[in-house]
2 protein chains.
Amino acid sequence: MKALTEIPQAPGRIGRIGRAGRTGRAGRSDTIYEVAQQAGVSIATVSRVMRGTAGVAPDTRERVLRSVSDLRYTPSRSARSLAEGRHAASGIVFPDLSGPYFAEVVLGYEEVAAETGRSVLILTTHGREAARERVLDLAARVDGMVVLGRTVGDDVLAELVSKGLPLVVLARYPVEGADSVNAANEASAYALTTHLARDHGHRSFAFLGDAGASTDTSDRWRGFTQALADCGVPVPSAPVPCPFDEDDGRAAAERLLVDRPPRALVCANDEIALGAITAAEALGLRVPDDLAITGWDDLMAARHSRPGLTTVSQPMRALGALAAHRLHERVAGDRNEPRHEVLPTQLVQRASCGHHPEENR
Amino acid sequence: MKALTEIPQAPGRIGRIGRAGRTGRAGRSDTIYEVAQQAGVSIATVSRVMRGTAGVAPDTRERVLRSVSDLRYTPSRSARSLAEGRHAASGIVFPDLSGPYFAEVVLGYEEVAAETGRSVLILTTHGREAARERVLDLAARVDGMVVLGRTVGDDVLAELVSKGLPLVVLARYPVEGADSVNAANEASAYALTTHLARDHGHRSFAFLGDAGASTDTSDRWRGFTQALADCGVPVPSAPVPCPFDEDDGRAAAERLLVDRPPRALVCANDEIALGAITAAEALGLRVPDDLAITGWDDLMAARHSRPGLTTVSQPMRALGALAAHRLHERVAGDRNEPRHEVLPTQLVQRASCGHHPEENR
DNA sequence: TTGTAAGCGTTATCAT
DNA sequence: ATGATAACGCTTACAA
């Protein structure tokens, strides 16, 4: 007779008994137990085969693989995540997908994330109240995330960092404990504005865009004012506030142009600029003869518009891709010191800023 | 001495002993156990409070909530998914995000999915080999998914359906066991082509687009040929193959137009059409005087191009939103019979198809 | 109203 | 090379 201490440990999986009999039900996928039973091995061996862990005999391996494909077994992702303590997924948070900018950024991001074996969750905040909760919820599903400007406040980001979540911010000022990726907004604004003032000789400017809402815009505003000051041109006291949207651009431009039209109108993005062109033409102003207009982003429409829109081309896809790479490094634990990077942009001269000698459209 | 059968069940959670002492480590979030201990209740009660399940005394509830916020506790998503047997997430699979079409669809989708309390995973296939594996991997992370055309074969979709995964296809022919959502491609192609033949009197046509690659395109081709036949206009034997891209459109149009230019060129989307306009102008053909060109999608660039591009406007966002709704119904188990829906489109007449009496741009 | 503990489906440690 | 089983962190039936 055995003493209590000699009694074999009761199996933790008492409930496993009677597991059979629920096969074939649609929507109920098989588990590692069914595969193990079918193959006549333990679940540990099945797990080894699935994960490619070394140390499984070739014929055992074959047998398991056959059962796997017979039963069309797919491991449960939640169980795996729970056991591994990771999600093999990352997230990206942006304000909205409308307009090509965010779509391109996300595309660049997804591509790299997929290459590094990570699924991608997206979240748009739409400037909604619940943004904080949604972002925190997302944080529970991923191993790290990228957050774009104009989504949630720095307090939320600090919370994420304090939870130990790898974080990269994009098109947003750096925050403690996170990497950042930005386009060269100030430099390109400076170059663009200098081109307008120096090369075309424009002496009266306005800036259309909401500098308070976006770090991109406020950087562009800063480069704009700096260039004007350096060129000895009067500097407007503030940007003309305007959301990132074509209709808003048209409306804001209409109000501005009726009143006291400047000679050159620097818009915070192409959508605003295209709206402004429409407004200018409706008011009988010729672009660029009466009014120069420029944008940002180099959308397809900028190339096809009449007149062609002078703008700044941003490496949108590269921004997303770089953010994905930096996030991957952080998640993999390859690096801890924050890294802040600025990607170069390019001035694209077309007809809307004034006539160029070598103009071709 | 007790018989074996009388031995009390060994607790499943032997390892819980000694759980304390690992607090404060960054990146290691607290669990329901810490909260329970802090609040002086059991984990079941914490769970009830977190889930809002009825039957918790107000003061107990308060105490728990305080501990939750003290410890900044967020439930583990994988553990929750494992226990609940659901992910509270859904996925959307598309070929690529470039161009505004997919971005808009995804945006409409995400918005509705978020409203129904579901996170959104995205997957782009890029026409890659690994598409099947990626899609199956995604399937393990979601409660249901939407698959767009030109991503994976019907065999993969059948596999998903047989696994019991709720499925909606978008811009793709219906498959057994899944809902489908499409735009009225054939009808709008018919209307567009009839407009060109009847209203503008064009008698020689070509169609630019790869009908084999996309159900959208093959439906458009069908409506196109039907309209020509009904108008008594010679029907081309086949589409001029061309990918969905501006450069490809330009290249394909160049080859076509040098040879034997038709009077009207119907393109499968706006990007192709805009490329074709560029090609036509490079060859000295005037649009629409020498050659009418039309597109599909009504991109921003179609509105701003010179000449304005006649095109078909699709409810892209609504397509995504509807797919999300249908998927939600399926996931919730509200409905089992497949539903196939076709959303209306709209012909947008601009200058590129010929001169209209009431033309305004 | 609250607690106990089984169960979710994996991974990985430790024996053998 | 393989098996037994603890552990992952929750939800929920059942008991009290």
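Given the structure is predicted, the values throughout are model-derived calculations rather than measurements.

**Notes on the relation of the copies chain B and chain A**
- Of the two same-sequence chains, chain B is brought onto chain A (RMSD 0.1 Å, axial shift 0.0 Å) by a rotation of 180°. Within this description, the copies of the chain are treated as partners about a two-fold rotation axis.
- Looking at the interface residues of chain B, 98% of them are also at the interface in chain A, so both copies use one shared face.

**A few points about the confidence of the model for chain A**
- On average, residues of chain A score 90 in pLDDT, and 91% of them are at 70 or above.
- Here residues 1-27 of chain A scores under 50 on pLDDT; set against residues more than four positions off or in separate chains, the count is 17 contacts.

**Regarding the domain arrangement of chain A**
- For chain A, the assigned domains read domain 1 (4-10 + 89-182 + 317-343), domain 2 (19-75) and domain 3 (186-313).
- Computed from C-alpha coordinates alone, the two centres of domain 2 of chain A and domain 3 of chain A are separated by 63 Å.

**As for the interface of chain B and chain A**
- Across the contact, 56 residues belong to chain B and 56 residues belong to chain A.
- Interface area lost by chain B to chain A is led by B:Arg141, B:His304 and B:Arg306, which between them contribute 13%.
- Applying the counting criterion to the chain B and chain A interface returns four salt bridges.
- A:Arg72 is the partner of B:Glu159 in a salt bridge, and the nearest nitrogen-oxygen pair spans 3.3 Å.
- Run the count over chain B and chain A and you get 20 residue pairs in polar contact (both at pLDDT 80 or more).
- Sorting the residues of the side of chain B that touches chain A by element identifies helix 4 (77-84), helix 5 (100-115), strand 2 (119-124), helix 6 (131-139), helix 11 (270-282) and helix 12 (300-304) of chain B as the ones contributing at least two each.
- The element that contributes the greatest number of residues to the side of chain B that touches chain A is helix 5 of chain B, accounting for seven residues.

**Some points on the pattern of salt bridges**
All names here are of chain A.
- Considering all chains together, one arrives at 48 salt bridges over all chains under this definition.
- Note that Arg51 and Glu84 form a salt bridge whose closest N and O atoms lie 2.6 Å from each other. Here Arg51 is found in helix 2 (residues 43-51), whereas its partner Glu84 is found in helix 4 (residues 77-84), with 33 residues between them in sequence.
- With relative accessibility at 48%, the residue Arg51 sits in the partly exposed group.
- With a closest N to O distance of 2.9 Å, Arg335 and Asp179 form a salt bridge. With Arg335 in the loop between helix 13 (316-332) and strand 10 (340-343) and Asp179 in strand 5 (residues 179-183), this residue pair connects regions lying 156 residues apart in the sequence. Each member of the pair, Arg335 together with Asp179, is buried.
- In the salt-bridge network here, residues are joined through shared partners; they are Asp179, Arg326, Glu329, Arg330, Arg335, Arg339 and Glu341.

Calculation rules
- Residues numbered from 1 in each chain as written.
- Chains lettered and ligands numbered in written order.
- Predicted model: local features only at pLDDT ≥ 70, side-chain atom pairs only at ≥ 80, totals over all residues.
- Heavy atoms only, no water.
- Least-squares fit on C-alpha atoms with pLDDT ≥ 70 in both.
- Contact = heavy atoms within 4.5 Å.
- pLDDT = per-residue confidence, 0-100.
- Domains from an automatic or database assignment.
- Buried area = accessible area lost by both parts, 1.4 Å probe.
- Salt bridge = Lys/Arg side-chain N within 4 Å of Asp/Glu carboxyl O.
- Polar contact = N/O pair within 3.5 Å; in protein donor to acceptor, adjacent residues only side chain to side chain.
- Helix = DSSP H or I, 4+ residues; strand = E, 2+ residues; numbered from the N terminus.
- Buried < 20%, exposed > 50% of the residue type's maximum accessible area, 1.4 Å probe, protein only.

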